[in-house]
Number of protein chains: 2
Amino acid sequence: MRHRREDVVARALQVLDDHGLADLTMRRLGTELGIQPSALYHHFPSKQVLLAAVADEILERGPRSSSEVLSDEPWEGRARAACHTLRDACLAWTDGAEVVATARAFGLGARAPYDELVGVLVTGGVDVDLAGSAARTLLHFVLGHATDEQTHRQAGSVGAIDTDPATDFTADFATGVDLVLAGLQARVRR
Amino acid sequence: MRHRREDVVARALQVLDDHGLADLTMRRLGTELGIQPSALYHHFPSKQVLLAAVADEILERGPRSSSEVLSDEPWEGRARAACHTLRDACLAWTDGAEVVATARAFGLGARAPYDELVGVLVTGGVDVDLAGSAARTLLHFVLGHATDEQTHRQAGSVGAIDTDPATDFTADFATGVDLVLAGLQARVRR
DNA sequence: ACCTGAACACCGTTCAAGT
DNA sequence: ACCTGAACACCGTTCAAGT
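Just so it is clear, the model here is predicted, and its values are computed rather than measured.

What counts, and at which threshold
- Residues numbered from 1 in each chain as written.
- Chains lettered and ligands numbered in written order.
- Predicted model: local features only at pLDDT ≥ 70, side-chain atom pairs only at ≥ 80, totals over all residues.
- Heavy atoms only, no water.
- Phe/Tyr/Trp six-rings, centres within 6.5 Å; stacked < 30°, edge-to-face > 60°.
- Helix = DSSP H or I, 4+ residues; strand = E, 2+ residues; numbered from the N terminus.
- Buried < 20%, exposed > 50% of the residue type's maximum accessible area, 1.4 Å probe, protein only.
- Lys NZ or Arg CZ within 6 Å of the ring centre and 35° of its normal.
- Salt bridge = Lys/Arg side-chain N within 4 Å of Asp/Glu carboxyl O.
- Near = heavy atom within 4 Å.
- Polar contact = N/O pair within 3.5 Å; in protein donor to acceptor, adjacent residues only side chain to side chain.
- Contact = heavy atoms within 4.5 Å.
- Buried area = accessible area lost by both parts, 1.4 Å probe.
- Nonpolar A, V, L, I, M, F, W, Y, C, P; charged D, E, K, R; others polar.
- Core = buried A, V, L, I, M, F, W, Y, C linked by side-chain atoms within 4.5 Å.
- Disulfide = S-S within 2.5 Å.
- Arc of directions from axis to C-beta.
- Least-squares fit on C-alpha atoms with pLDDT ≥ 70 in both.

Right, let's get into the packing of aromatic side chains. Here the distance between the centres and the angle between the planes together describe a pair of aromatic rings. Evaluation of the coordinates by the stated rule reveals two aromatic pairs over all chains. The interplanar angle of 20° and the centroid separation of 5.6 Å between the aromatic rings of A:Phe141 and A:Phe173 together place this pair among those described as stacked. Note that A:Phe141 is positioned in helix H7 (residues 128-158) and A:Phe173 in helix H8 (residues 169-188), a separation of 32 residues in sequence. Side by side, A:Phe141 and A:Phe173 carry an identical accessibility label, which is buried. A:Arg64 extends its terminal NZ or CZ atom over the ring of A:Trp93, reaching a point 5.8 Å from the ring centre. Seen from the ring of B:Phe173, B:Arg87 lies directly overhead, with NZ or CZ sitting 5.0 Å from the centre.

Next comes the structure, spelled out in structure tokens:
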């Protein structure tokens, strides 16, 4: 019944995917691991920190099928690919987007996507301050959109909200990302 | 000790502003009104619905000081003003942005800003599908940015996160909104 | 290093009953 | 129409103690 920190994170991710964020409680996770909930506090100082570790695990595992990104692409294409990869990684797990968004909001993890986006933009010649603002704008959109998509899809299966079946989330997502990138291109070209 | 629905919403908004979203519990609100928590379920079917009513109240009351918006401005200016007004309305209350964002996420209210943005864009000649995508992109950014700002400001006063005092949230916000609007303009001009 | 067991201080929600 | 009182089924976290 003895576990390491990484075992706990892996099990938490499994509980998340099988039952959703609302059911990922310290008591439930303890039961799932065959230990008392209080034992979790040997591995993590709080539930927030545990969730941040789950968010980082989601980002490290990445999307189920990763699309190739050519390193000789222009920065717009690479930034677009980074956004779609982040979305796919979040959508691969139940409530994945909300977990990543929450970790980011508390400043406890999930820093990799921001760093990657800023890196792509700065390497492409975008001013570092503007690159930061653009990266944050893109991340607000990506995580907000993906969270909405997962919320609405679940609500449909429970029957709480009327979810329009005709909504093409992927096309709508692409439009939003391209809007921000087009604005950035316009600004970079003076 | 008898209250109407609007009394309950007003008191909830006061508890929110004085103590934050974490302390806005059904039990706390009941105590504040001098009634049992169960009595709140006479006015609202759930806490989620109560919070949606609080979100709508925040939007109706608007920002503390409203900046003039000339109706003969071009659509870019009117959309920009709508975004800044929404941000100011949220920032006027403790955790206001999170309450509005949550209500929107659950589809239970806070529809006015979306309707207003779509209206401004469509009146300006933007295709209705594109106007919808752009409005949702702007709202993800506005509410995400404002939520972050309020979270980081509070974290600073509690000491949980290192909040950079040099961060100019208002300038960063304006940059993000203008990025999306510039992308939309580029797209509309073919 | 990792865990138990018990406790503390809470939650949202339901429901029969009262006025 | 609006509220009480009691209960149900939970939470996150702390802490002394065990191996």
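Here the focus is the environment of B:Arg4. Residue and element names in this part refer to chain B. Within the element layout of this structure, Arg-4 appears in the segment before helix H1 (5-19). With a relative accessible area of 51%, Arg-4 lands in the exposed category. Arg-4 sits 145 residues away from Glu-149 along the chain, and the two C-alpha atoms are 34 Å apart.

Moving on to the pattern of salt bridges. According to the stated counting rule, one finds 14 salt bridges over all chains in the structure shown. Between A:Arg80 and A:Asp178 there is a salt bridge, with its nearest N and O atoms 2.7 Å apart. On the criterion of sequence distance, the pair formed by A:Arg80 in helix H4 (residues 75-91) and A:Asp178 in helix H8 is long-range, its members being 98 residues apart. Given a relative accessible area of 31%, A:Arg80 falls into the partly exposed group. In this structure A:Asp178 comes out as partly exposed when scored by relative accessible area, which is 26%. We note a salt bridge from B:Asp7 to B:Arg4, for which the minimum N-O separation is 3.4 Å. Each of the salt bridges in this network shares a partner with another, and the network as a whole consists of A:Arg87, A:Glu149 and A:Arg153.

What follows concerns unusual backbone geometry. Residues and elements named next belong to chain A. Positive phi, close to 60°, is recorded for Asp-95, a residue that is not glycine. Within the secondary structure, Asp-95 is located in the loop between H4 and helix H5 (96-105). When its relative accessible area of 9% is taken as the criterion, Asp-95 is described as buried. Phi at Ala-110 takes a positive value of approximately 60°, unusual for a residue other than glycine. Judged by relative accessible area, Ala-110 falls into the buried class, the value being 0%.

Here the focus is the protein's contact with DNA strand D. The environment of DNA strand D is made up of 17 residues, and the closest members are A:Arg27, A:Tyr41, B:Met1, B:Gln36 and B:Ser38. Within 4 Å of the protein, atoms of DNA strand D come from sugar and phosphate in 55% of cases. Here A:Arg27 contributes a side-chain N or O atom positioned 2.4 Å from a base oxygen of DNA strand D. Contact between DNA strand D and B:His42: a phosphate oxygen at 3.3 Å from a side-chain N or O atom of the residue.

Tallying the contact residues gives 25 residues for chain B and 25 residues for chain A. Here chain B and chain A share an interface that buries about 2,200 Å² over both sides, 63% of which is from carbon and sulfur atoms. Here B:Arg136 and A:Asp172 are joined by a salt bridge, their closest N and O atoms 2.7 Å apart. Broken down by secondary-structure element, the contributors of at least two residues to the side of chain B that touches chain A are helix H7 (128-158) and helix H8 (169-188) of chain B. Per-element accounting of the side of chain B that touches chain A gives the leading share, 12 residues, to H7(B). When grouped by side-chain class, the residues that make up the side of chain B that touches chain A number 10 nonpolar, 11 polar and four charged.

Now for the nonpolar core. Residues A:Leu29, A:Val54, B:Leu29 and B:Val54 are the most contacted members of the largest nonpolar core, which totals 112 residues. Contacts of B:Leu29, omitting those with residues within four sequence positions, involve B:Val8, B:Arg11, B:Ala12, B:Val15, B:Leu24, B:Leu40 and B:Leu50.

Moving on, we come to the state of the cysteines. Residue and element names in this part refer to chain A. For the structure on display, the rule yields zero disulfides over all chains. Unpaired in this structure, Cys-83 has its nearest cysteine sulfur neighbour in Cys-90, at a distance of 11 Å. Residue classification places Cys-83 among the buried residues on the basis of a relative accessible area of 2%.

Here the focus is the protein's contact with DNA strand C. Around DNA strand C sit 17 residues, and of these A:Met1, A:Gln36, A:Ser38, B:Arg27 and B:Tyr41 come closest. A:Ser38 has a polar side-chain atom sitting 2.6 Å from a base oxygen of DNA strand C. Within the backbone of B:Met26, one N or O atom sits 3.0 Å away from a phosphate oxygen of DNA strand C. When grouped by side-chain class, the residues that make up the surface near DNA strand C number five nonpolar, nine polar and three charged.

An α-helix turns once every 3.6 residues. As a result, residues three or four positions apart point the same way. Residues and elements named next belong to chain B. If you check which residues of helix H2 (residues 26-33) are buried, you get Met-26, Leu-29, Gly-30 and Leu-33. Buried residues in H2, looked at end-on, bunch into an arc of 100°, giving them a common side. Across H2 from its buried face, at more than 90 degrees, point the exposed residues Arg-27 and Thr-31. On its buried face, H2 is in contact with H1 and helix H3 (47-61). The first or second residue beyond H2 is Gly-34, which carries a positive phi of 75°.

Attention now goes to the relation of the copies chain B and chain A. Least-squares fitting of chain B to chain A yields an RMSD of 0.0 Å, with the transformation described by 0.0 Å of translation along the axis and a rotation of 180°. What the rotation and shift describe, once combined, is the action of a two-fold rotation axis. Distance from the rotation axis, computed per C-alpha, reaches its smallest value in chain B at B:Gly183: 1.8 Å.

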